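Reading the structure
What follows is each chain in one-letter form.
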Amino acid sequence: MKKPFVPGAPFQVVWNITNACNLKCAHCYEDAGKRSSNELTNQEIIRGLEIISKASATSIAFSGGEPTSNPHITDYIKLTKELGMYPAMATNGYKLSKQSKLNKFVDAGLEFVQISIDGLNLETHDSFRGVEGSWDKAIQAVENSVDADLFVEVATTVTTHNIDEIPDIIEFIRDIGAHWFMIYNFIPTGNGTNISEMDISPKNRFELLKSAYNENMNGNMQVLSTAPQYAPVAESLQTDSSVIPTHFYNPQYKNPQLTQLAEFVGGCGAGRFYMGIEPNRDLYPCVFFPRTEELKLGNLMNDDFDQIWKENNLLVDLRNKDLLQDNCGSCESKNICGGCRARAYTYFNDVQAPDPGCIKNEGKWNELKNKLPNFQETHNGSLFINLEGK
């Protein structure tokens, strides 16, 4: 059997349903704001959901932009469930801070909600999100969602702007009652290209992921990360009862021999476990990939979705860990990690390039630092840029 495993259909399709958004996030991969002129119509989205269901995808995660800004979003959630898929949504929480609004999503069948919180300090969050008061709304949305018995994930994109607050955020969110805390890799695409200097160093990422792994021992809330390096970091900290994290779960292997299963499940899931859809129907391996013709897989409405998933050349290459360049390609952890392919492309214009976020690729990180004009290095080796100037 090939490693890593590739399902016959995406486990999850992340659909950026609109470009419209009520916030102005510094790191937004979508460069969201106003609704785009070429977004799909209501009937086209319905048809798109039917196409994805027919291909046997497991879950649809509505994102954006801000998905709650679409007037038909609860209809799409309801249809998703009727079609036998698991409905999820990633939101800034602004609208869900009102219980009456949240109830409409619950009634429609929403089961999983991801709400972004980028600082324990409201000023940290609000400056990153670009709108005063957004922290209060997000926290209220988390509390409302927990009370409504939704599966609640809180997501934080880690940069030099907020890395010192992460331990306290985890404790705070655990006390509220969230089920998952997701540490998002910062990927400098979209708006993020303007703050690439805020990326954290490989050493800081390594220490952060070690700390995150240990947090899983402190209560029921799982601490996960989109950083593929999380799995080898966890593997290096193995105990008699080991957790080898994936993007979607932290499976526990009490038999050390069973940890080999992680090689079939783990690693970057771009084009292997999930796929991204743009508001204009374009398909990409992951929503964090830059919107270039080179990376576009096709079109949801005009091309064969099932055929793209199974035969597209870019997806075939992304699934082949033997194509990875060093140090990712020669790393013993390539099947449970392999580096983030979106970060590799964003920094080096090559999906098989090394991920500079890994401590084993620190030389590549140092090369990038030397190319950045006017960067400041923080006390902990990360890069820093002042948001007030943006």
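See the structure printed just above.
So, here's what we can say about the structure.

With respect to the helices and strands, K54 occurs in helix α1 (residues 42-54). Separated by 29 residues in sequence, K54 and L83 have C-alpha atoms that sit 8.7 Å apart.

Let us look at the sheet that holds strand β5 (residues 151-157). Strand order in the open sheet formed by 10 strands is β7-β6-β5-β4-β3-β2-β1-β10-β11-β12, and the pairing between neighbours is mixed. Taken across any chain shown, the strands that pair with only one partner, and hence form the sheet edges, are β7 (222-225) and β12 (298-299). Docked against the sheet, helix α5 (residues 134-147) engages β4 (112-116) and β5, running at close to 160° with respect to β4.

Attention now moves to the pairing of β4. For a regular strand, side chains alternate in direction, first toward one face of the sheet and then toward the other. Judged by how many residues are buried, β4 sits mostly within the fold: 5 of 5 residues are covered. Residues F112, Q114 and S116 point to one face of β4 and V113 and I115 to the other, with burial holding for every one of them. Summarising the sheet, strand β3 (residues 86-91) and β4 pair through 4 bridges and their orientation is parallel. Counterpart to A90 in the pairing with β4 is Q114. Traced from β3 through helix α3 (residues 99-108) to β4, the parallel crossover comes out right-handed. Pairing analysis gives 5 bridges linking β4 to β5, with the strands arranged parallel. Directly across from F112, in β5, lies its bridge partner F151.

Moving on: the pairing of β5. Judged by how many residues are buried, β5 sits mostly within the fold: 6 of 7 residues are covered. Summarising the sheet, β5 and strand β6 (residues 180-184) pair through 5 bridges and their orientation is parallel. Along β6, the bridge assignment pairs A155 with M182. Of the crossover connections in this fold, the one passing from β5 over helix α6 (residues 166-176) to the parallel β6 is right-handed.

In this section: the side chain of R343. With respect to the helices and strands, R343 occurs in helix α12 (residues 341-348). In this view, R343 contacts N185, F186, I187, D199, R205, D355, P356 and G357; residues no more than four positions away in its chain are not counted.

Here we take up unusual backbone geometry. The omega torsion of the bond from G64 to G65 falls at 20°, within 30 degrees of zero and hence cis. Note on placement: G65 falls in the loop between β2 (59-63) and α2 (73-82). Here the bond from D326 into N327 is cis, since omega is 5°, no more than 30 degrees from zero. Position of N327 among the secondary structure elements: in the loop between α11 (313-318) and α12. Not every positive phi belongs to a glycine, and D31 is a case in point at roughly 50°. Considering the arrangement of structural elements, one finds D31 in the loop between β1 (12-16) and α1. Of the residues examined, D31 reaches a relative accessible area of 48% and is grouped as partly exposed. The backbone of N349 sits at a positive phi, close to 60°, despite the residue not being glycine. Within the secondary structure layout, N349 lies in the loop between α12 and α13 (362-371).

With that out of the way, let us pick up the packing of α2 against α3. Relative orientation of the contacting elements α2 and α3 amounts to 25°, with a least axis distance of 8 Å. The orientation of α2 with respect to α3, classified from their angle, is roughly parallel. Two secondary-structure elements touch here, α2 through I73, T74, I77 and K78 and α3 through K104, F105 and A108. Residues belonging to the contact of α2 with α3 are distributed by class as follows: 4 nonpolar, 1 polar and 2 charged.

Before going further, it helps to examine the pattern of salt bridges. Applying the stated criterion to the full structure yields 17 salt bridges. We note a salt bridge from D199 to R343, for which the minimum N-O separation is 3.0 Å. With D199 in the loop between β6 and α7 (202-215) and R343 in helix α12, the pair connects residues that are 144 residues apart, well separated along the chain. A salt bridge links D322 to K334, with the shortest nitrogen-to-oxygen separation between them at 3.0 Å.

On to the packing of aromatic side chains, then. Considering all chains together, one arrives at 7 aromatic pairs under this definition. With centroids separated by 4.9 Å and ring planes inclined at 65°, the aromatic side chains of Y29 and F288 adopt a geometry described as edge-to-face. Residue Y29 is located in the loop between β1 and α1, and its partner F288 is located in the loop between β11 (282-284) and β12; the two are separated by 259 residues in the primary sequence. Pair check on accessibility: Y29 and F288 agree, each one buried. Ring centres of W135 and F172 lie 6.3 Å apart, and the angle between their planes is 25°; this geometry places the pair in the stacked category. One end of the pair, W135, is in helix α5; the other, F172, is in helix α6, with 37 residues separating them in the sequence. Assessed through its relative accessible area of 13%, W135 is described here as buried. Taken together, the ring pairs connect Y29, Y184 and F288 into an aromatic cluster. R319 extends its terminal NZ or CZ atom over the ring of W309, reaching a point 4.5 Å from the ring centre. The cationic tip of K364 hangs over the ring face of F348; the distance from NZ or CZ to the ring centre is 5.7 Å.

Parameters and conventions
Once a new chain begins, its residue numbering starts again from 1 and follows that chain's sequence as written. Confidence filtering applies because this is a predicted model: local features only for residues at pLDDT of at least 70, side-chain atom pairs given and counted only at 80 or more, and all residues used for totals across whole chains, interfaces and linings. With hydrogens and water set aside, each side-chain value is computed from the structure's full complement of heavy atoms. By the criteria applied, helices consist of DSSP H or I runs no shorter than four residues and strands consist of E runs no shorter than two, each listed in order from the N terminus. Pairing between two strands is assigned when DSSP locates at least 2 bridges connecting them. Residue contacts follow a heavy-atom distance rule, with two residues in contact if any of their heavy atoms lie within 4.5 Å. All axes are obtained by fitting lines to C-alpha atoms, using only the stretch in contact for helices, and the reported angles, taken between N-to-C directions, cover 0 to 180 degrees. Exposed residues in this analysis have more than 50% of their type's maximum accessible area, buried residues have under 20%, and partly exposed residues fall in between, with area computed by a 1.4 Å probe over protein chains only. Every crossover in which the path from the first strand over the helix to the second runs clockwise, viewed with the strands pointing away from the viewer, is termed right-handed. An angle below 35 degrees is read as roughly parallel, one above 145 as roughly antiparallel, one from 65 to 115 as roughly perpendicular, and any other as oblique. Throughout this entry, Asp, Glu, Lys and Arg are counted as charged residues, while Ala, Val, Leu, Ile, Met, Phe, Trp, Tyr, Cys and Pro are counted as nonpolar. The remaining residues, Gly among them, count as polar. The salt bridge criterion pairs a side-chain nitrogen of Lys or Arg with a carboxyl oxygen of Asp or Glu, the two atoms within 4 Å. Working definition: a ring pair exists when centres of Phe, Tyr or Trp rings (six-membered ring for Trp) sit within 6.5 Å. Plane angles under 30 degrees give stacked, over 60 give edge-to-face, the rest tilted. For a ring to carry a charge above it, either NZ of a lysine or CZ of an arginine must fall within 6 Å of the ring centroid while also lying within 35 degrees of the normal to the ring plane.

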